[in-house]
Amino acid sequence: MRIQILILGMCCVACAENSAQISAPPTLELSTSQITRPSLVKLVARVSKDVTNVEFFQDGVSLGVDASAPFETQLALTKAEQVTHQFTAKAFNTSGKSVSSAA
């Protein structure tokens, strides 16, 4: 009888640990690099393994969603657009949690 109680207790602990992992927000680190001078910029999102998609933004306007790893996008800027911009990304994981990051 003691073994059964111990096993049930272990299952509850394991379930609680899995629940905490599932409900945790994803991790995200966004980086930018200039590919060609002066107009092509590449955005790369390094994320936790539970991420399902990443949405990229320039100055608060969506550039689109990447739904497969590696999560990245490229942006061509005209000469007139080659000024300071704010690039951000938002990552979503399998439990619907999200996190944002700026480059």
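Conventions and cut-offs
Residues numbered from 1 in each chain as written. Predicted model: local features only at pLDDT ≥ 70, side-chain atom pairs only at ≥ 80, totals over all residues. Heavy atoms only, no water. Helix = DSSP H or I, 4+ residues; strand = E, 2+ residues; numbered from the N terminus. Buried < 20%, exposed > 50% of the residue type's maximum accessible area, 1.4 Å probe, protein only. Contact = heavy atoms within 4.5 Å. Salt bridge = Lys/Arg side-chain N within 4 Å of Asp/Glu carboxyl O. Pairing = 2+ DSSP bridges.

Asks: Any chance you could explain the overall build of the protein chain here in plain terms?
Replies: Counting secondary structure elements, the protein chain contains one helix and seven strands. Mapped in sequence order, the helices and strands of the protein chain form the string α-β-β-β-β-β-β-β. Looking at the protein chain as a whole, 21% of its 103 residues are labelled buried. Expressed as a percentage of contacts within the protein chain between residues at least 6 apart in sequence, the contacts between residues at least 24 apart total 55%.

Asks: Is there a simple way to think about the pattern of salt bridges in this case?
Replies: When their charged atoms lie close together, side chains carrying opposite charge are able to pair. Within the structure shown, the criterion is met by two salt bridges. The residue Glu-72 makes a salt bridge to Lys-42 at a minimum N-O spacing of 3.7 Å. With Glu-72 in strand β5 (residues 71-76) and Lys-42 in strand β2 (residues 40-47), this residue pair connects regions lying 30 residues apart in the sequence. For Lys-42, a relative accessible area of 23% translates into the label partly exposed.

Asks: When you look at the pairing of strand β3 (residues 51-58) in this model, what are you seeing that I'm missing?
Replies: As a general feature of sheets, a regular strand has side chains that alternate between the two faces. Counting buried residues along β3, six of its eight residues qualify, which places the element largely inside the surrounding structure. The sheet contact formed by β3 and strand β6 (residues 87-93) spans seven bridges and is antiparallel. From the neighbouring strand, Gln-58 faces β6, where its bridge partner is Phe-87. Relative to strand β4 (residues 61-66), β3 is paired through five bridges, and the arrangement is antiparallel. For Gln-58, the partnering residue across the bridge sits in β4 and is Val-61. Connecting the antiparallel pair β3 and β4 is a turn made up of two residues, with Asp-59 showing a positive phi of about 55°.

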